[in-house]
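# Report on the structure
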Amino acid sequence: MAEAVQFAAESLAGGRARAARTVLDQVVLPGEELLLPEQEDVEGPGGAGERPLRLNAGTRSRLRVVCGPGLRRCGDRLLVTKCGRLRHKDPGSGSSGGVYWVDSQQKRYVPVKGDHVIGIVTAKSGDIFKVDVGGSEPASLSYLAFEGATKRNRPNVQVGDLIYGQFVVANKDMEPEMVCIDSCGRANGMGVIGHDGLLFKVTLGLIRKLLAPECEIIQEVGKLYPLEIVFGMNGRIWVKAKTIQQTLILANILEACEHMTADQRKQIFARLAEN
Amino acid sequence: MAAERKTKLSKNLLRMKFMQRGLDSETKKQLEEEEKKIISEEHWYLDLPELKEKESVIIEEQSFLLCEDLLYGRMSFRGFNPEVEKLMLQMNAKNKAEDEDEDEIVELDVSDEEMARRYETLVGTIGKKFAKKRDRANYEEDENGNIKPVKAKKMFLKPQD
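Presented here is a report on the structure given in the accompanying data block. The model shown is predicted, which means the values in this text are computed figures rather than measured ones. (Residues numbered from 1 in each chain as written. Chains lettered and ligands numbered in written order. Predicted model: local features only at pLDDT ≥ 70, side-chain atom pairs only at ≥ 80, totals over all residues. Heavy atoms only, no water.)

### Description of the side chain of Ser63(B)
Relative to the helices and strands, Ser63(B) is located in the loop between strand 1 (58-60) and strand 2 (74-77). According to the relative accessible area criterion, Ser63(B) is buried, its value standing at 8%. Of note is the side chain of Ser63(B), whose polar atom sits 3.0 Å from the backbone nitrogen of Leu65(B). With residues near it in sequence (within four places) discarded, Ser63(B) still touches Pro69(A), Val112(A), Lys113(A) and Asp115(A). (Helix = DSSP H or I, 4+ residues; strand = E, 2+ residues; numbered from the N terminus. Buried < 20%, exposed > 50% of the residue type's maximum accessible area, 1.4 Å probe, protein only. Polar contact = N/O pair within 3.5 Å; in protein donor to acceptor, adjacent residues only side chain to side chain. Contact = heavy atoms within 4.5 Å.)

### Topic: the pairing of strand 17 (residues 236-241) of chain A
For a regular strand, side chains alternate in direction, first toward one face of the sheet and then toward the other. Residues and elements named next belong to chain A. For strand 17, the tally of buried residues reaches five of six residues, placing the bulk of the element in the interior. Relative to strand 17, strand 15 (residues 198-201) is paired through four bridges, and the arrangement is antiparallel. Across the sheet, Lys201 pairs through a bridge with Arg236, a residue of strand 17. As paired strands, strand 16 (residues 227-231) and strand 17 are joined by five bridges and run antiparallel to one another. Bridge pairing in strand 17 links Glu228 to Lys240. Hairpin geometry of strand 16 and strand 17 is characterised by an intervening segment of four residues between the two adjacent antiparallel strands and by a positive phi of about 90° at Gly235. (Pairing = 2+ DSSP bridges.)

### Looking at the pattern of salt bridges
Note on pairing: side chains with opposite charge can pair once their charged atoms come close. Residue and element names in this part refer to chain A. In the structure shown here, the tally under the stated rule is 10 salt bridges over all chains. Across the salt bridge formed by Glu175 and Lys130, the nearest N and O atoms sit 2.5 Å from each other. On the criterion of sequence distance, the pair formed by Glu175 in the loop between strand 12 (162-169) and strand 13 (177-179) and Lys130 in strand 10 (residues 128-132) is long-range, its members being 45 residues apart. On the accessibility criterion, Glu175 (29% relative accessible area) is partly exposed. (Salt bridge = Lys/Arg side-chain N within 4 Å of Asp/Glu carboxyl O.)

### Regarding the layout of surface pockets
Each pocket or cavity is described by its volume, and for the largest pocket that value is around 1,000 Å³. Counting residues per element, the lining of the largest pocket draws most heavily on helix 4 (residues 82-96) of chain B, at four residues. Residues that form the lining of the largest pocket fall into these classes: 15 nonpolar, seven polar and eight charged. Of the pockets and cavities examined, the second largest pocket occupies roughly 680 Å³. Along the wall of the second largest pocket there are 27 residues; nearest its centre are Lys82(A), Val110(A), Pro111(A), Val112(A) and Gln62(B). Elements represented by at least two residues in the lining of the second largest pocket include exactly strand 5 (71-74) and helix 2 (204-210) of chain A. It is helix 2 of chain A that contributes the most residues to the lining of the second largest pocket, three residues altogether. (1 Å grid on protein atoms, 1.4 Å probe; cavity = no way out; pocket = protein on both sides within 12 Å on 5 of 7 lines; lining within 4 Å. Points joined across faces, edges and corners; volume = space filled by probe spheres on them. Nonpolar A, V, L, I, M, F, W, Y, C, P; charged D, E, K, R; others polar.)

### Quick notes on the nonpolar core
Ranked by internal contacts, the top residues of the largest apolar core, which has 62 residues, are Leu141(A), Met178(A), Leu210(A), Ile229(A), Phe231(A) and Ile237(A). Discounting chain neighbours no more than four positions away, the residues touching Ile237(A) are Ile118(A), Leu198(A), Leu199(A), Phe200(A), Val202(A), Ile207(A), Leu210(A), Ile229(A), Val230(A), Phe231(A) and Leu254(A). Ranked by size, the runner-up nonpolar core spans 15 residues in total, among them Ala20(A), Val65(A), Leu78(A) and Val57(B). (Core = buried A, V, L, I, M, F, W, Y, C linked by side-chain atoms within 4.5 Å.)

### Quick notes on the sheet that holds strand 16 of chain A
Strand pairs in the sheet, formed through backbone hydrogen bonds, run parallel or antiparallel to each other. Spatially, the four strands line up as an open sheet ordered 15(A)-17(A)-16(A)-2(B), and their pairing is antiparallel. Across the chains shown, the open sheet's two edge strands, defined by having one partner strand only, are strand 15 of chain A together with strand 2 of chain B. Each strand axis lies, on average, 20° off the axis of its neighbour in the sheet, ignoring direction. Each of strand 15, strand 16 and strand 17 of chain A is contacted by helix 4 (residues 244-256) of chain A, which is oriented at about 150° to strand 17 of chain A, the strand it contacts most. In this fold helix 4 of chain B packs onto strand 16 of chain A together with strand 2 of chain B, with an angle of close to 120° to the strand it touches most, strand 2 of chain B. (Axes fitted to C-alpha atoms, helices over the stretch in contact; angles between N-to-C directions.)

The structure is reproduced here in structure tokens:
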């Protein structure tokens, strides 16, 4: 890890841009520029912007590349804005060249369109609810954005309730707006989360790790006892089990599993299974 | 006085439609061009150099949904919340195969045959509404509540010789 950071610092000092393909799964620092695969042979060892004449310069394959969180477009290159590991995903089908993103860690959530989050209703004013989602300002949720809600049939939402919804508008210029229905008008599990249970906050990276398709932690947790979990992409998790003690155990496990190795985790689960 | 010199007509008058019919096409074109010039000079425009739009092949997205295949956020284990467990199967299956059409077989309260039978006798049921009191006797119902077929209307019988 130390060598990776050192190498990154050296290349930054030299002013050379590295090819994105060679840096996959390595640490990148903010300010680095990454070259896309189609531009690698243009930047020869001379480097300083001189391009050798190419006969087929105009027929570069135009693959559409998506730059995800932590990266920005800078001319034809990618500019890194967060420190973390660079990841890449190949597209299964289609003409796009894949997705690049930086796997970083942070606790502060910034609202993003399409994310499913857990919010707390803080105010009810007229036709909208103000929901705190952990961002810079509370999101607005219209009372018509629930399944089966009409002007006369209002949803039963009180101040202090927990809401599981998704963002429809989320950018840096406007107040975020969320809804509890999908584009077809169905709830799909969104809406008010039931009573009891415990809400706690974790880092955003842990949420993504727990929601990964083959997550061992979730599989092991599911074998302990009957329980229900809701994950919000804003770092909030709500858990509920039959007794308060079980709920607290679950919350402690999920908070601690970020810093445990696999062995330590297995030990703890084995001890719990005995009880 | 009219013979001394031609009365000078104003420009606006000359621009009117009925005055233009007599002109030939060339003078018409000239007049049109002059008008266009006047109008375009009045329009405001920015005196900036033309910016070439760069064809960008990189798209910026701030969402993690495109990057990683994440599971659905609500989970329930060992039957704690059966609805959420059903949702889990539904939403995670949707992620795996997006072109899935699930046919839901709805349980029918009324079988198809009975529906057909009811619609056959629709004439009777609607006809009953508009029948006069005398004709209502024709619409008697048998044991099942099905309307019997309408009896023949009583026509005028010609007296036989």
